[in-house]
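# Structural features, examined
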Amino acid sequence: MEERSRILAVDDAPDNLILLDKLLKRQGFEVINAGSGRECLSKVATDPPDLILLDVAMPEMDGFETLKHLKENELSKVIPVIILTANSKDAGSIEHGFSLGADEYLTKPIDQEELIARVRSILRAVKAEHEIEQVKADFQSMLVHDLRSPLSVITGVLELGVNGEFDQNPVEMKEFMNNALNTSQKMLGLINDILDVAKLEAGKLELNKQPNDLNAVVSSAVARLKILAREKGITLTVEEDHDIPVIELDSGKMDQVVTNLVTNAIKFTPKDGKITIRTYMKHFDHEIPGLGGDYAAFDVEDSGVGIPSDDIPMIFDRYRQARNSRTAVQKGTGLGLTIVKRVTETHGGKVFVESSLGKGTKFTVVIPVGKDEAESGS
Ligand SMILES: Nc1ncnc2c1ncn2[C@@H]1O[C@H](COP(=O)(O)OP(=O)(O)OP(=O)(O)O)[C@@H](O)[C@H]1O
Ligand SMILES: [Mg+2]
């Protein structure tokens, strides 16, 4: 996967360079060579590599000095460096290398397998870090957009009011006010979601568990969403199993779970589709790790667009949306399922998903019945 990564090998001994060049090229890397510290710096400036292998003992500018220059420069300081030292006993010089910002050191004579393993693991770590940064950057720009556009709607309405635009027209004023109210409620919802996720991730969410009727929680959330479904011509059906015992639930948080799942189902199901919410009892015998005993369960099944199977593992990650979400009319933030998963797991339960592209999706939430099964959530 990091096949085409470019590695700069720096050594004053041509034989060593030839050896490194051969070894790395055989592993599919692209290799650049430099015979001195100066040449290293100039090559990095014109053609920055993904990783540098840096010999310490070189005339004129040695490896440490070269490293210092690399780390002083904004552009080159992010490039990982492995230093190559001939002196395995010299702990002081290794320490020195690390303090200057080296990522790894290897002693000569080079153990080929070890060198390749280190190179690969550093490149992998760098790649993972880049991916995380990308997700964060994407989220930030999206968040700014998501919060700025509703706020400009609200500001616009307030400005009209202050300027007396509605003085003669209370009917119009009410219409605009309603619009602003809806918009600010959406914003508040988004901010609450963000705070919830932060709390859930810090393990600071306190569940207020009480004996509750799962059917009641499900049906009241669904009742609220009926209008939304009707507007899209979607049939929403609830099938309740009335033999479900009372279970320990935080009903407000579980309401959020149902609401998020049903909202998604509505969002990702085209006009005239069908959504079924079904409650039932389920037994596990540890065929799935961590699940044993009786569980109260519910499905939210839709006849919607489905989720590409490659995307399924990441939809529960915060701010992540599957490729299918481009087809959705209303765009979201990608927090809904993170909340669903975390809240369910804090109740000691689990969320499952099955999906078939173009046919539909079924989410299943299971919550343990009986306290012994549940991990203490508070
Ligand atoms: N029922 C569903 N059918 C098809 N795709 C779904 C369904 N539910 C979730 N997804 C996919 O999973 C992604 C993540 O869902 P999630 O609820 O976390 O975010 P969202 O709905 O996009 O935004 P938010 O819930 O924060 O408003 C969605 O963007 C969508 O790609
Ligand atoms: Mg959602």
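Keep in mind it's a predicted model, so treat the numbers as computed, not measured.

That bond from Lys-108 to Pro-109 is cis: its omega, 0°, falls within 30 degrees of zero. Position of Pro-109 relative to the elements: it lies in the loop between strand S5 (104–107) and helix H5 (112–162). Positive phi is not limited to glycine here, since Glu-60 has a value of about 60°. The topology assignment puts Glu-60 in the loop between strand S3 (51–55) and helix H3 (63–72). The phi torsion at His-286 lies on the positive side, around 65°, for a residue other than glycine. Its location among the elements puts His-286 in the loop between strand S9 (274–285) and strand S10 (292–302). With 9 C-beta atoms packed within 10 Å, His-286 lands in the exposed category.

Across the sheet, 5 strands lie side by side as S2-S1-S3-S4-S5; this open sheet has parallel pairing. Of all strands in the sheet, those with a lone pairing partner are strand S2 (30–34) and S5, marking the two edges. The mean inter-strand angle of the sheet, taken between neighbouring strand axes irrespective of direction, is 20°. With 5 bridges joining them, strand S1 (residues 6–10) and S2 adopt parallel strand pairing. Bridge pairing in S2 links Leu-8 to Ile-32. H5 rests against S1, S3, strand S4 (81–85) and S5 of the sheet, and its axis sits at about 175° to S5.

This brings us to the site of ligand 1. If you check the shell around ligand 1, you find 22 residues, and the closest are Phe-268, Gln-321, Ala-322, Gly-332 and Gly-336. Elements with a minimum of two residues in the shell around ligand 1: helix H8 (251–267) and helix H9 (336–346). Split into classes, the residues belonging to the shell around ligand 1 amount to 8 nonpolar, 13 polar and 1 charged.

Where interface size is given, it is often the accessible area lost as the parts come together that is meant. Segmentation of the chain into domains returns domain 1 (6–110), domain 2 (138–201) and domain 3 (210–373). Using only C-alpha atoms to locate each centre, domain 1 and domain 3 end up separated by 53 Å.

Hydrogen bonds between backbone atoms are what pair the strands of a sheet, whose relative direction is either parallel or antiparallel. If you trace the 5 strands from one edge of the open sheet to the other, you get S7-S9-S10-S12-S11, paired in mixed fashion. What marks the edges here is a single partner per strand, and that holds for strand S7 (235–239) and strand S11 (350–356). Sheet twist, expressed as the mean angle between neighbouring strand axes with direction ignored, is 20°. As judged from the 11 bridges shared by S9 and S10, these two strands associate in the antiparallel manner. Looking across to S10, one finds that Tyr-280 is bridged to Ala-297.

With 18 residues, helix H7 (residues 214–231) should reach 26 Å at 1.5 Å per residue; the first-to-last C-alpha distance of 27 Å fits that figure. The largest bend in H7 comes to about 40°, at Leu-225. At its buried positions, H7 is contacted by strand S6 (210–212), S7, strand S8 (247–249), H8, S9 and S10. A positive backbone phi angle near 70° is found at Gly-233, which sits one or two residues after H7.

Two measures define how a pair of helices packs: the angle their axes make with one another and the distance between the axes. Where H5 meets helix H6 (residues 170–201), the closest approach of the two axes is 9 Å, and the angle between their N-to-C directions is 155°. The orientation of H5 relative to H6 falls into the category roughly antiparallel. Where H5 crosses over H6, the two elements pack in a sense that is left-handed. Packed against H5, whose contacting residues are Asp-146, Leu-147, Pro-150, Leu-151, Val-153, Ile-154, Val-157, Leu-160 and Gly-161, the element H6 presents Met-173, Phe-176, Met-177, Asn-179, Ala-180, Thr-183, Ser-184, Lys-186, Met-187 and Leu-190 at the interface.

The rules behind these values
- Residues numbered from 1 in each chain as written.
- Chains lettered and ligands numbered in written order.
- Predicted model: local features only at pLDDT ≥ 70, side-chain atom pairs only at ≥ 80, totals over all residues.
- Helix = DSSP H or I, 4+ residues; strand = E, 2+ residues; numbered from the N terminus.
- Buried ≥ 20, exposed ≤ 12 C-beta atoms within 10 Å, placed from the backbone.
- Pairing = 2+ DSSP bridges.
- Axes fitted to C-alpha atoms, helices over the stretch in contact; angles between N-to-C directions.
- Contact = placed C-beta atoms within 7 Å.
- Near = placed C-beta within 6 Å.
- Nonpolar A, V, L, I, M, F, W, Y, C, P; charged D, E, K, R; others polar.
- Domains from an automatic or database assignment.
- Expected span 1.5 Å × (residues − 1).
- Bend = angle between axes of the 7 residues up to and from the residue.
- Parallel < 35°, antiparallel > 145°, perpendicular 65-115°, else oblique.
- Left-handed = near helix turned anticlockwise from the far one by under 90°.

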